[in-house]
Amino acid sequence: MKKLLLLTVIAAFLAVLAFTSTEESSATQNCLAWERSMRSSSGANDHAGVGRPAIDRLNGDEPFGQLLGDWTADNCMRLNHVQLIGTHNSYHIEPRPALLALIASIDPAAAASMEYTHLPLDEQLELLGIRQVELDVYADPDGGRFAVPIGPILVQGFPDPIKPELLAPGLKVLHIPDIDFETTCLTFVSCLQTIKAWSDANPSHLPLMVLVEAKDDPLVLPPGVLPPGVPPLTVPVPFGAQELDGIDAEIRSVFPDDQLITPDDVRGDRATLEQAVLKDGWPTLNESRGRLLFAFDNTDGKRDLYLDGHPSLQGRVMFTSSPPGSPESAFVKVNQPLGNEAVISERVAAGYIVRTRADADTLEARFGLTARRDAALASGAQFVSTDYPEPDPDFSTGYLVEIAGGANARCNPVLSPPGCDSAALED
């Protein structure tokens, strides 16, 4: 009976609000009316809940107010109206001590930048509320290219046992061949399968973003580091058109179309993807829950090759980090928030999705620096990436990056509609 009464109240209220417009669809009318109600009753960007309007205070918030808040969050808010925490190099495990010491003897700064370890991907999603992950991929079309890293041979005199997963053809996930290769999931497909299993078990989760970087730079060591008789360093396979197509193919081998948010989904009938996000907006949270969007981290020639033959990313799985004004521009990567706060906020307000980084190379955690983190969160970037979603016990600073109160997400400080309730975004 209460549920029926609630539906009647909501329907009647939204019907009255929707009467204010005759040109938009009923859903759009309802959401525009909801936003007008929020602005007139509570003031713009009243995320703290002070002065909440009558529509969000039905029956003292319980049960009607909370349910109505959930309804508006799902049907009126879009996926770019929230802010979430992600991890950088989400697969990464710190090199073992002897190898790290060897790296430090050659390049101390490089060794210091490798001193972090992430939980397995599903534990990040479940225990830490991470909603964006980053995977570095190397092409391995014949299999076995990364099966025998040189690092263990250098520090222990013999290779590690070969992992069977590394012998099969397909994209491999690691940071730097031979020296920084430890990972919680060895192959791109196995990483994606871990994410999918968690997503399937949590079908109402906020949309996840997977950032993918295609890597093929060879490792270069100073002369004399490799002793006689040690095998040569691994030479990565360059990413050409076929290898880039392989990234899309491996994603589609794990995720069905209805679990993905692709450029084609967002573009709709618009001529370009950029027109779609600026004029129509991103999918609503209701349309996005339980789904993933993939973004291509590269901004070099690999991005251009990925776009070749796919204007406005037609037929592609991943969004590219492309500058505003490009037909395919929808996602923009701005790694350094310090000094770029206004740029990020302007792009977020315009409708682009932005990813930035709260820290880099362990510096913030090592010295307790918070300016970059605070700028990243205040900028409104939808995805704020960190190596420290929890404090690192190796450092005494207690540095971490989280949404206030430990929530998985919050209303975007730049873009979210007035009256947004962070508590209603994700259970």
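Just so you know, these numbers come straight off a predicted model, no measurement behind them.

Student: Explanation requested: the packing of aromatic side chains in the structure shown.
Tutor: The description of two aromatic rings rests on the distance between their centres and on the angle between their planes. Applying the stated rule across the entire model yields 6 aromatic pairs. Ring geometry for W282 and F319: centres 5.3 Å apart, planes at 50°, overall tilted. Of this pair, W282 sits in the loop between α11 (273–280) and α12 (285–288) while F319 sits in strand β6 (residues 318–320), and the two are 37 residues apart along the sequence. Grouping residues by exposure puts W282 and F319 together as buried. Taken together, the ring pairs connect Y388, F395 and Y399 into an aromatic cluster. If you follow R316 out to its NZ or CZ, it ends over the ring of Y306, 4.0 Å from the centre.

Student: Help me understand unusual backbone geometry, please; the structure alone is not making it clear to me.
Tutor: Excluding glycine, residues mostly have negative phi values, and the peptide bonds linking residues are mostly trans. A positive phi angle is found at L313, which is not glycine, with a value near 65°. Mapping L313 onto the fold places it in the loop between α13 (301–307) and β6.

Student: I would appreciate a short explanation of the nonpolar core in the present structure.
Tutor: The nonpolar side chains of a soluble globular protein tend to be buried, and buried together. Formed by 80 residues in total, the largest nonpolar core has its most connected members in F188, I195, I247, I251 and F294. Per-element tally for this core: the top contributor is strand β4 (residues 208–214), with 6 residues. Grouped together as the second largest cluster of nonpolar side chains are 15 residues, L100, M114, Y138 and F181 included.

Student: I keep staring at the environment of S422 and nothing clicks. Help me out?
Tutor: Checked against the element boundaries, S422 lands in the segment after β10 (409–411). Separated by 14 residues in sequence, S422 and N408 have C-alpha atoms that sit 9.2 Å apart. Not counting residues up to four positions away in its chain, the partners in contact with S422 are A409, R410 and C411.

Student: Would you explain the pattern of salt bridges in this entry?
Tutor: For side chains of opposite charge, pairing can occur when their charged atoms come near one another. A full pass over the atoms with the stated rule returns 19 salt bridges. One salt bridge in this structure joins R96 and D160, with 2.9 Å as the shortest N-O distance. Pair noted here: R96 is in the loop between β1 (82–87) and α4 (97–106) and D160 is in the loop between α7 (150–156) and β3 (172–173), with a separation of 64 residues, a long-range link. For the salt bridge of R316 with D245, the shortest nitrogen-to-oxygen distance reads 2.9 Å. In this pair, R316 is assigned in the loop between α13 and β6 and D245 in helix α9 (residues 241–254), connecting sequence segments 71 residues apart. Residue class for D245 comes out partly exposed when judged on its relative accessible area of 38%. Connected through shared salt-bridge partners, R96, D160 and E182 make up one network.

Basis of the calculations
Position labels on residues start from 1 in each chain and follow its written sequence. Given that this is a predicted model, residues contribute local features only at a pLDDT of at least 70 and side-chain atom pairs are listed and counted only at 80 or more, while totals for whole chains, interfaces and linings are drawn from all residues. Note that the side-chain values use all heavy atoms of the structure and ignore hydrogens as well as water. Note on ring pairs: Phe, Tyr and Trp rings are taken, using the six-membered ring of Trp, and paired if centres are within 6.5 Å. Classes follow the plane angle, with under 30 degrees stacked, over 60 edge-to-face and the rest tilted. Helix numbers and strand numbers start at the N terminus; a helix is a DSSP run of H or I with at least 4 residues, a strand a run of E with at least 2. Exposure classes here rest on a 1.4 Å probe applied to the protein chains alone. A residue is buried below 20% of its type maximum, exposed above 50%, and partly exposed in between. Put simply, a charge is over a ring when the Lys NZ or the Arg CZ is close to the ring centre, within 6 Å, and near the line of the ring normal, within 35 degrees. Among the buried residues, those of types Ala, Val, Leu, Ile, Met, Phe, Trp, Tyr and Cys that are joined through side-chain atoms within 4.5 Å form a nonpolar core. In this analysis, two residues are considered to be in contact whenever any of their non-hydrogen atoms come within 4.5 Å of each other. Here, a salt bridge means any Lys or Arg side-chain nitrogen found within 4 Å of an Asp or Glu carboxyl oxygen.

Spatial relationships are all this shows, so hold off on functional conclusions.
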